[in-house]
Amino acid sequence: MTKTRPIRKENMGTLINKQLLFLLFLLLKPLQFVKITDPHLSPERRQEIEDYINDLYATGPTKPPTKETFKTRVIIDSEMPLTDREYCNLEMKMKRVHNRLYCVKEHFFLQASYDDIQKICHNMFVQCKDGIRKCHRSRKIISGVHCVLTSGVMMPFCEYISSYKEGWVFITCQWEDNTGEIIPVSVTDILAI
């Protein structure tokens, strides 16, 4: 015959409190975001901001890379000199380069047209600097800026060191179903000459 131990009153209270707390967490609703209703925003800009907020706080997979994303985040369109020490700190914030508000460890900006960069995707495969992925190397010299994170974890507190580079660019590419073309996805290195 097995002995059953009597439940003491102080243990019973702890057990109920722990289970109630767990049940309360299960009943909590996820945060809901309010629709942006600024009358001064155009409908296109309002939609863009709402999409950005939804992407930022989404729990599912990230959106696949697009031609527009690459143009916005990699192609240089500012008048700032590429040798400016603050180039990366300013451009990373202006172009909103981050991973769900977390700082990106390194990033490249290129001074070339999108069409020139896309043509690199048709060059032969070469080994990336990490030795794992397949990259495409440019046939001509391209100028750019290499940004390396020095401090910070989340935007806007990310601080970067900027290095002007000129050399062969290594990029990764992938097929985009929507446009039916191969597009550049990321810059992995600029091999200085």
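Above this text sits the structure in question.
Per chain, the residues get numbers from 1 upward, laid out in the order the sequence is written. A pLDDT threshold of at least 70 governs which residues receive local features in this predicted model, and a stricter bar of 80 or more applies before side-chain atom pairs are shown or counted, although totals over entire chains, interfaces and linings include all residues. With hydrogens and water set aside, each side-chain value is computed from the structure's full complement of heavy atoms.

Draft legend 1. The arrangement of a nonpolar patch on the surface in detail. Taken together, the side chains of Y102, V153 and M154 present a nonpolar region at the surface, about 290 Å² in accessible area. Secondary structure is summarised from DSSP: a helix means a run of H or I of at least four residues, a strand means a run of E of at least two, and numbering begins at the N terminus for each. For M154, the position within the fold is in the loop between β4 (142-151) and β5 (159-176). Relative accessibility under 20% of the residue-type maximum defines a buried residue, over 50% an exposed one, and the middle range a partly exposed one, all with a 1.4 Å probe and only protein chains included. What makes M154 partly exposed here is its relative accessible area of 33%. Nonpolar side chains (Val, Leu, Ile, Met, Phe, Trp, Tyr) within 5 Å and like charges within 9 Å form the patches, drawn only from residues with over 30% relative accessible area and no salt bridge. The method behind every accessible area is Shrake-Rupley, applied with a 1.4 Å probe, and residues are considered shielded solely by the protein chains displayed. Within this document, salt bridges are pairs made up of a side-chain nitrogen of Lys or Arg and a carboxyl oxygen of Asp or Glu, the two lying within 4 Å of each other.

Draft legend 2. Quick look at the pattern of salt bridges. Enumeration over the complete set of coordinates arrives at four salt bridges. The closest approach of N and O atoms between D116 and K140, which form a salt bridge, is 3.5 Å. One end of the pair, D116, is in helix α5 (residues 114-120); the other, K140, is in the loop between β3 (134-137) and β4, with 24 residues separating them in the sequence.

Draft legend 3. Region of interest: helix α3 (residues 67-74). Every buried residue of α3 is listed here: K67, F70 and V74. Here the buried residues of α3 occupy an arc of 70° about the axis, which is enough to place them on one side. Of the surrounding elements, those touching the buried residues of α3 are β1 (106-111), α5, β5 and β6 (181-192). Working note: the arc is built from the helix axis to C-beta atom directions. Note on definitions: a residue-residue contact is assigned when non-hydrogen atoms from the two residues lie within 4.5 Å.

Draft legend 4. Highlighting the nonpolar core. Counting residues in each nonpolar core, the largest one holds 17 residues, and the members touching the most others are F70, L110, I117, I142, V169, I171 and V187. Sorting the residues of this core by element identifies α3, β1, α5, β5 and β6 as the ones contributing at least two each. Residues in contact with I117, not counting those within four places in the same chain, are F70, I75, L110, A112, I142, I171 and P184. Buried Ala, Val, Leu, Ile, Met, Phe, Trp, Tyr and Cys residues that are joined via side-chain atoms within 4.5 Å together make up what is termed a nonpolar core. Counting residues in hydrophobic clusters, the runner-up holds 15 residues, among them L82, Y87, C103 and V145.

Draft legend 5. Just the packing of aromatic side chains, in detail. Only the six-membered ring of Trp is used, alongside the rings of Phe and Tyr, when aromatic pairs are assigned; centres must lie within 6.5 Å, and planes under 30 degrees apart are stacked while those over 60 apart are edge-to-face, with the rest tilted. If you walk through the whole model with that rule in mind, you get two aromatic pairs. When the ring of F70 is compared with that of Y114, the centres are 6.2 Å apart and the planes differ by 65°; the resulting orientation is edge-to-face. One end of the pair, F70, is in helix α3; the other, Y114, is in helix α5, and 44 residues separate them in sequence. Per residue, the accessibility class of F70 equals that of Y114, and both read buried. With centroids separated by 5.8 Å and ring planes inclined at 75°, the aromatic side chains of Y87 and F109 adopt a geometry described as edge-to-face. Placement of the pair is Y87 in helix α4 (residues 87-94) and F109 in strand β1, with a sequence separation of 22 residues.

Draft legend 6. Region of interest: the pairing of β6. By the convention used here, strands pair only if DSSP detects at least 2 bridges between them. As judged from the ten bridges shared by β5 and β6, these two strands associate in the antiparallel manner. The partner of W175 across the bridge, within β6, is I182.

Draft legend 7. Fine view of unusual backbone geometry. P156 follows M155 through a cis peptide bond whose omega is 5°. Despite not being glycine, R100 has its phi angle at roughly 55°, a positive value. Within the secondary structure, R100 is located in the loop between α4 and β1. On the basis of relative accessible area, R100 is assigned to the partly exposed category, the value being 25%. With phi around 75°, L101 is a residue other than glycine that occupies positive phi space. Here L101 is to be found in the loop between α4 and β1. The class of L101 is partly exposed, set by a relative accessible area of 21%.

Draft legend 8. Molecular detail of the state of the cysteines. Put simply, a disulfide is two cysteine sulfurs that come within 2.5 Å. Within this structure, the stated rule accounts for four disulfides. C88 shares a disulfide with C147; S-S distance 1.9 Å. Note on the C88 and C147 pair: the S-S dihedral is about -80°, so by sign convention the disulfide is left-handed. You can see C88 sitting in helix α4 and its partner C147 sitting in strand β4, a full 59 residues away along the chain. Under the relative-accessibility criterion, C88 is labelled buried at 0%. There is a disulfide in this structure between C121 and C173, and the S-S distance comes to 2.1 Å. Because the sign of the S-S torsion sets the handedness, a value of about -85° for the bond joining C121 and C173 places this disulfide among the left-handed ones. Remark: C173 occurs in strand β5 and C121 occurs in the loop between α5 and β2 (125-127); sequence separation between them is 52 residues. If you count the bonded cysteines of the chain from the N-terminus, they pair up as 1-6, 2-7, 3-8, 4-5.

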